[in-house]
Amino acid sequence: MSGSTETIDMLKHTMVEQLMAVIAAPDDEDVARAADTVVRDLDALLRAEPGPAA
């Protein structure tokens, strides 16, 4: 498994944890910010990944 794939898998797991935290504390701005950061980081990594061969 490449380092990038491991990072993406770790961020996916972290994203699920953060979203569950948002569900548990929907009014907590710090929890929302942390979840937003994870989603943005994951999005940036996925966008940088090469697409499937055409």
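Our structure's up above, just so we're on the same page.
Residues numbered from 1 in each chain as written. Predicted model: local features only at pLDDT ≥ 70, side-chain atom pairs only at ≥ 80, totals over all residues. Heavy atoms only, no water.

Caption draft 1: Spatial organisation of the packing of helix α1 (residues 3–24) against helix α2 (residues 29–48). Across the interface, α1 lies against α2 with an axial gap of 9 Å and an inter-helix angle of 155°. By the angle between their axes, α1 is roughly antiparallel relative to α2. For the pair α1 and α2, the crossing hand works out as left-handed. On α2, the residues touching Thr 7, Ile 8, Leu 11, Lys 12, Thr 14, Met 15, Gln 18, Ala 21 and Val 22 of α1 are Val 31, Ala 32, Ala 34, Ala 35, Val 38, Val 39, Asp 41, Leu 42, Leu 45 and Leu 46. Of the residues assigned to the contact of α1 with α2, the class counts are 14 nonpolar, three polar and two charged. (Axes fitted to C-alpha atoms, helices over the stretch in contact; angles between N-to-C directions. Helix = DSSP H or I, 4+ residues; strand = E, 2+ residues; numbered from the N terminus. Parallel < 35°, antiparallel > 145°, perpendicular 65-115°, else oblique. Left-handed = near helix turned anticlockwise from the far one by under 90°. Contact = heavy atoms within 4.5 Å. Nonpolar A, V, L, I, M, F, W, Y, C, P; charged D, E, K, R; others polar.)

Caption draft 2: Quick look at α2. Between its first and last C-alpha, α2 extends 29 Å over 20 residues, near the 28 Å set by a 1.5 Å rise per residue. For α2, every residue scored as buried is listed here: Val 31, Ala 35, Val 38 and Leu 42. Take α2 and look down its axis: the buried residues cluster within an arc of 60°, on one side only. Every exposed residue of α2 that faces more than 90 degrees away from the buried side is listed here: Glu 29, Asp 30, Arg 40, Arg 47 and Ala 48. Among the structural elements, α1 are those in contact with the buried residues of α2. Here α2 starts with a cap whose side-chain oxygen sits 2.9 Å from the backbone nitrogen of Asp 30, and that cap is Asp 28. (Expected span 1.5 Å × (residues − 1). Buried < 20%, exposed > 50% of the residue type's maximum accessible area, 1.4 Å probe, protein only. Arc of directions from axis to C-beta. Polar contact = N/O pair within 3.5 Å; in protein donor to acceptor, adjacent residues only side chain to side chain.)

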